[in-house]
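Per-entry structural report
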Amino acid sequence: MWRSNFSLLQAAILCNATVLIGLVAASSGIAASSIRDVQVGFDGTSQVGHWTPVRTIIAAPPESSVSGRLIVSAVDGSGIPAQYAQAFPEIPAGQEQVIWSYVKFGRVSSTMTVRLEGSDNDTTQMEMSVEALPSDQQIVLELGSTLPLDDSLNLLRLRRDRQNTREGNQQTVFAQSIESASQLPPHIIGYDGIEVLVVVASQQSLLQDLTPLQRQAIESWVILGGKLIVIADTDPSDDMVEKPNSLFTNVLPGSVERIAMQRQTTEIEQFASAAARLDSGAGFRLPMAILSEVDGVVEVGEGFGSDRRPAVVRGMVGMGESVFVAFDISATPFVDWADRSRLLAAIVNLVLSGRDTSSLQMRELVVANTFGFEDVTGQLRNSLEQFQGVRLIPFSLTATLIAVYLLIVGPVDFWVLKRLGKSTWTWLTFALTIVCFTGLAIYLATSWKGNQLQLNQASIVDVDLEQQMVRGTTWMHLFAPETRMLDLASTHRSPVVQDVQNVLIWQGVPGEVFGGMDSSLASTTFSRPYQVDAKLEDATHATVRLAQFPIAVWSSRSLLNQWWGQCSLGQQVEQSLESHSEGQLRGSFTNPFPFELRDVYLVHERWFYPLRSELPANGTVRLADLSVMDLQTRLTRRRVVDGRNVMTPWQTADRDVSRILEMMMFFDAANGSSYTGLSNDYQGYLDLSRALKSGRAILVGRAAEPAAQLEIDGKPLSEDVMQHWTYYRVQIPVKRER
């Protein structure tokens, strides 16, 4: 009997042990799994202040599957740690899986932590140092490595260094190439830090490896403001027309028909400022892709009359730009041409921001910048930091109060009490003085700095009726009268967009100014990380919110809200604009919005057409009823003084938000780098100056209602504590007079 009971006890213990071991094995999936590899950016290249893809390979243990969250931690633009969490699907036992995360680095030198977190709170993590490029650098990314990008960009650097030495700016272009499609992120925000993407169509093996999500992400990125250069595949053995997926045909400025042989290359050589001839003598033939239905500017063409063939075409695609090069720079005869790097540099320079090298010398007009910022977004930030009813207590008042306090507790107290014969009362009067001055300080702080949350926000909403796309950029500056941890989200209020994707994230200060992202200062106010809740699906769907976002007493934090979606207006609005002599317009245009626009103007090429009154909803305006002036004259506020044409100096201390936004919207058209003494690199995608020379006119107007709404702890912030500047821009196709 005893042996029988003992045997049962052994069996029970063995059974329980087996179950326990199974439970331990199942619960230790995360702990037993490993982070095999982490790649930051594009082959290690990332840029501070921009979304950066992080590619992590996770290996599940042989005995169990793994599921949970991948959390990437990095400091934000204020030096405060932020955690970017991304849920990932179950990884079968013994298998590996690539998990894509997206993070913004707030410092050029920082530490990033990657942590796996299971549902049972088991964790495993790794830590690594990250060196990001400064915010004023521009990344040119090549798919493949067949072009002399480094040599070409070195030529651009030398050219820009000479220009920047004269103008006082510093600007650098950085080349990077990737040789595997697996290094490309499958979501649009992963390309946020890329200035120009170069695709060599002859790299068929790489391009064919692109997944549908990667291809869609790149095309959507271009439509929403990216810059794409496509180098044609002219190998007769590769029928380019039969391989449209390799060429991103949805974003090309035309349609590829066939491959033809070109004898003359004079304009190509002139475009490159070449010192050597490209053709090799008698019998020379250059294979070129023939582009039809050209929608853009032919920057280089070969041939004459009806036989003229577009060789380099630049066109607008939505809010972005696309350049098609009809010859293959990676093939013969270009590989043996001494000026190949010059040609590539000239092509890349077509779409780089800040490429305007006008001979106008306006640097002396710029008033000294005492604020330290180097980019025009820094001036916008300074302007949005001015809240209604919130005033800084001047140092002179503080110094005066300190002096009065010292006089009262010192000689005044001594002299008065001595005259009264009450010297022993000094302990009472001293305490009373402290209480009175403390109360005065509290009163001044609360009455001068306010006692409620306040929001200043500025928005630029771009609408493209042809692509039926809307892109919104909203800067939100939030002031808090007390230290708080806030759950923040943003919703759109614009009636012109539907199916909106919404990304709310911190906004940093570009440059090496105090607290700038190019500095190494960390936050000493908050050490506890807040959460960046990102839900990213497909290639373009995105919702990003902030949880437990910290803000200190009587201070402000800057936020960036980027959103995009389908245009809800349809194409029912008929526009009738035609360009005639010297690019001036005639015809009429219509306000496509169901709301009134104020401060309205139309711009095209180098002309500015102001409206003298509001433009009602769906109202139509005839160009014949408008005056016209030179666009640069308007942007620089040029005027006649004593018979001389004088430009109004740009004031870096100016806090006119509308004026700053106008400059950001058409920075190159104003020759902004020279005129303002600032760069426009950090958010240069908002500059649509080149669209004005690509067969587009742009209608600009200010709306009475905000386009975006900030929600705090699940509730929308009252409009009573909000100031907003909301501008809409509409691209209107212009017909050429025949």
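A brief look at the structure comes next. (Residues numbered from 1 in each chain as written. Predicted model: local features only at pLDDT ≥ 70, side-chain atom pairs only at ≥ 80, totals over all residues. Heavy atoms only, no water.)

**Details of the packing of helix H8 (residues 376–384) against helix H12 (residues 657–665)**
Our working definition: A fitted line through C-alpha atoms represents every axis, and for helices the fit uses only the stretch in contact; the resulting angles, taken between N-to-C directions, go from 0 to 180 degrees. A helix here means a DSSP run of H or I that spans at least four residues, while a strand means a run of E at least two residues long, and both kinds are numbered starting from the N terminus. The labels follow the angle: roughly parallel below 35 degrees, roughly antiparallel above 145, roughly perpendicular from 65 to 115, and oblique for the rest. Note on convention: near helix rotated counterclockwise from far helix by under a right angle means a left-handed crossing. Clockwise means right-handed. In what follows, a contact means two residues having at least one pair of non-hydrogen atoms within 4.5 Å. Nonpolar residues are Ala, Val, Leu, Ile, Met, Phe, Trp, Tyr, Cys and Pro. Charged residues are Asp, Glu, Lys and Arg, and all others, Gly as well, are polar.
Between H8 and H12, whose axes approach to 10 Å, the crossing angle comes to 160°. In terms of orientation, H8 lies roughly antiparallel with respect to H12. You can see that H8 and H12 cross each other, and the crossing is left-handed. In contact with Val376, Thr377, Gln379, Leu380, Ser383 and Leu384 of H8, H12 contributes Val657, Ile660, Leu661 and Met664. Across the contact of H8 with H12, the residue classes tally to seven nonpolar, three polar and no charged.

**With respect to the pairing of strand E21 (residues 530–537)**
Note the cut-off: To sort residues, take the accessible area from a 1.4 Å probe on protein chains only and compare it with the maximum for the residue type: under 20% means buried, over 50% means exposed, and anything in between is partly exposed. For two strands to count as paired, DSSP must find a minimum of two bridges between them.
Alternating positions in E21 separate cleanly, Tyr530, Val532, Ala534 and Leu536 being buried on one face and Gln531, Asp533, Lys535 and Glu537 remaining unburied on the opposite face. Where strand E4 (residues 81–91) lies against E21, four bridges are found, and the strand directions are parallel. In the sheet register, Tyr84 faces E21, and the bridge partner there is Val532. When E21 meets strand E22 (residues 541–551), the two strands line up antiparallel, connected through seven bridges. Bridge pairing in E22 links Gln531 to Ala547. Adjacent in sequence and paired antiparallel, E21 and E22 are bridged by three residues, among which Asp538 carries a positive phi angle near 55°.

**Concerning helix H5 (residues 212–223)**
Because each turn of an α-helix spans 3.6 residues, side chains separated by three or four positions in sequence point in the same direction. Rules: In this scheme, a helix's expected span is set at 1.5 Å multiplied by one less than its residue total.
Over its twelve residues, H5 runs 16 Å from end to end, which matches the ideal 16 Å to within 8%, given 1.5 Å per residue. In terms of burial, H5 is a largely internal element, nine of the twelve residues being buried. Within the sequence span of H5, burial applies to Gln214, Arg215, Ala217, Ile218, Glu219, Ser220, Trp221, Val222 and Ile223. Next to the buried residues of H5 lie strand E10 (194–200), helix H4 (204–208), strand E11 (227–231), strand E15 (309–317), strand E16 (320–325) and strand E18 (469–480).

**Structural notes on empty space enclosed by the protein**
Inclusion rule: The distinction between a cavity and a pocket rests on a 1 Å grid over the protein atoms alone: a 1.4 Å probe fits inside a cavity but cannot get out, while a pocket stays open yet meets protein on both sides within 12 Å along at least five of seven lines, and a residue with an atom within 4 Å of a point counts as lining. Grid points are joined across faces, edges and corners, and a volume is the space filled by probe spheres set on the points.
Considering all chains together, one arrives at nine cavities of 30 Å³ or more under this definition. The calculated volume of the largest cavity comes to roughly 500 Å³. Surrounding the largest cavity, 31 residues form its lining, Tyr191, Asp192, Trp221, Gln562 and Tyr685 being those nearest its centre. Elements with a minimum of two residues in the lining of the largest cavity: strand E8 (137–143), E10, E18 and strand E23 (555–567). Considering only residue class, the lining of the largest cavity consists of 13 nonpolar, 13 polar and five charged.

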